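# Report on the structure
So you can see what is in the structure, the chains are spelled out below.
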Amino acid sequence: MTNEIIISGFGGQGVLSLGKILAYAGIMEGKEVSWMPAYGPEQRGGTANVTVIISDQPISSPIVNRYDTAIVLNQPSLDKFEPLVKPEGTLIYDTYGILTPPSRTDIRRLHIDAMQAAADMQNAKVFNMLVLGGLLHACPIVSIDNVVRALRKVLPERHHHLIPVNEAAIRRGMELIQPLS
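Here, residues in each chain are numbered from 1, in the same order as that chain's written sequence. In keeping with the predicted nature of the model, local features appear solely for residues at pLDDT of at least 70, side-chain atom pairs appear and are counted solely at 80 or more, and the whole-chain, interface and lining totals rest on all residues. Side-chain numbers here rest on the full set of heavy atoms in the structure, without hydrogens or water.

### Some words on the sheet that holds strand 5 (residues 85-94)
DSSP bridges decide pairing: two strands pair if at least two such bridges lie between them. Helix and strand assignments come from DSSP, with helices taken as H or I runs of at least 4 residues and strands as E runs of at least 2, each series counted from the N terminus. With mixed pairing, seven strands are arranged side by side in an open sheet as 2-3-1-4-5-6-7. For this open sheet the edge positions go to strand 2 (32-39) and strand 7 (178-179), each flanked by a neighbour on one side alone. Note: strand 4 (residues 67-72) against strand 5, five bridges, orientation parallel. Counted as the bridge partner of Ala70 is Leu91 from strand 5. Strands strand 1 (2-10), strand 2 and strand 3 (47-55) of the sheet are contacted by helix 1 (residues 15-28), whose axis makes an angle of about 10° with strand 3. Any two residues whose heavy atoms approach within 4.5 Å at even a single point are treated as in contact. Simply put, an axis is a line fit to the C-alpha atoms, just over the touching stretch for a helix, and the angle between two N-to-C directions goes from 0 to 180 degrees. Running over the sheet, helix 4 (residues 127-138) touches strand 4, strand 5 and strand 6 (108-112) and is turned about 145° from strand 6.

### A short note on the pairing of strand 6
Sheet analysis places strand 5 next to strand 6, joined by five bridges and oriented parallel. Along strand 6, the bridge assignment pairs Ile92 with Leu110. In the sheet, strand 6 pairs with strand 7 via two bridges, with the strands oriented antiparallel. Among the inter-strand pairings, Leu110 is bridged to a residue of strand 7, identified as Pro179.

### Some points on the packing of helix 4 against helix 6 (residues 163-176)
Taken N-terminus to C-terminus, the directions of helix 4 and helix 6 make an angle of 50°; their axes are 6 Å apart at the nearest point. One finds that helix 4 runs oblique with respect to helix 6. In the crossing of helix 4 with helix 6, the sense of the turn from one axis to the other is right-handed. Taking contact as the criterion, the partners of Met129, Leu130, Leu132, Gly133, Gly134, Leu136 and His137 in helix 4 are, on helix 6, Asn166, Ala169, Ile170, Arg172, Gly173, Met174 and Leu176. Grouping the constituent residues of the contact of helix 4 with helix 6 by class yields eight nonpolar, five polar and one charged. Our angle categories are set so that under 35 degrees counts as roughly parallel, over 145 as roughly antiparallel, 65 to 115 as roughly perpendicular, and the remainder as oblique. Crossing handedness follows the turn of the near helix against the far one: under a right angle anticlockwise gives a left-handed crossing, and clockwise gives a right-handed one. Each residue is assigned to one of three groups, with Ala, Val, Leu, Ile, Met, Phe, Trp, Tyr, Cys and Pro labelled nonpolar, Asp, Glu, Lys and Arg labelled charged, and all others, Gly among them, labelled polar.

### Notes on the environment of Ala119
Following the sequence through the fold, Ala119 ends up in helix 3 (residues 114-120). Throughout, exposure labels follow a simple rule: accessible area from a 1.4 Å probe, protein chains only, divided by the maximum for the residue type, with under 20% read as buried, over 50% as exposed, and the rest as partly exposed. The exposure class assigned to Ala119 is partly exposed, which follows from its relative accessible area of 46%. Ala119 sits 85 residues away from Ser34 along the chain, and the two C-alpha atoms are 32 Å apart.

### Side note on unusual backbone geometry
Even without a glycine there, the phi angle at Glu88 is positive, about 75°. Backbone geometry at Gln122 places phi at a positive 55°, although glycine is not the residue there. Here Gln122 shows up in the loop between helix 3 and helix 4.

### Considerations on the environment of Ser34
By the element assignment, Ser34 lies in strand 2. For the pair Ser34 and Ile63, spaced 29 residues apart in sequence, the C-alpha separation works out to 9.5 Å. Setting aside residues no more than four positions away along its own chain, Ser34 makes contact with Thr51, Val52, Ile53, Ile59 and Pro62.

### Concerning the packing of aromatic side chains
Here is the rule: rings of Phe, Tyr and Trp (six-membered ring for Trp) pair when centre to centre is within 6.5 Å. Planes less than 30 degrees apart are stacked, more than 60 are edge-to-face, and the remainder are tilted. Overall, the coordinates contain one aromatic pair when judged by the stated rule. Seen from their ring centres, Tyr67 and Phe81 are 6.0 Å apart, and the 85° between their planes marks the pair as edge-to-face. One end of the pair, Tyr67, is in strand 4; the other, Phe81, is in helix 2 (residues 75-81), with 14 residues separating them in the sequence. Across the pair, exposure class does not vary: Tyr67 and Phe81 are buried alike.

### Here's the deal with the pattern of salt bridges
Salt bridges are counted wherever a side-chain nitrogen of Lys or Arg sits within 4 Å of a carboxyl oxygen of Asp or Glu. Taken as a whole and judged by the stated rule, the model has six salt bridges. When salt bridges with common partners are traced through the structure, they connect Glu4, Asp68 and Lys86 into a single cluster.

Fair warning: the whole summary comes from geometry, so function is off the table for now.
Here's what the structure looks like:
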């Protein structure tokens, strides 16, 4: 099975890190993986997105025109990527950054209040882990155990003491994701 995912938002929201952690978790499960970031001239505040492909089969190209799953964290990302989700695909969005919710009815639309949850946890840096937890609940493409193992690879060793906080945020995100009513 192949899952082609786009994760998009403003620079500084942890979009690229979220994708990298997801990709490492796929590698740890013995899957074929592609991680292809794209960002504007400003990483902080500019737009950023990353395409992650996780597959049981060899990946022929990292270039994707239509996605199985889109995670959008701001309105410009929703406007750009909602039309590119395959019919029957999944679109996940953070309610904080979206003014006009997704309108397509041929896809599964899910929202997560990750920004509010990060504020409640008094830690804005776990925002992307909350979103990752929502993704893992909606589309369990990798195990949470391998995501935690991936954190050890992605985070510098001096930040390993933050892994329990990140794991708690992932588990909280799994609880927060909701279908668009």
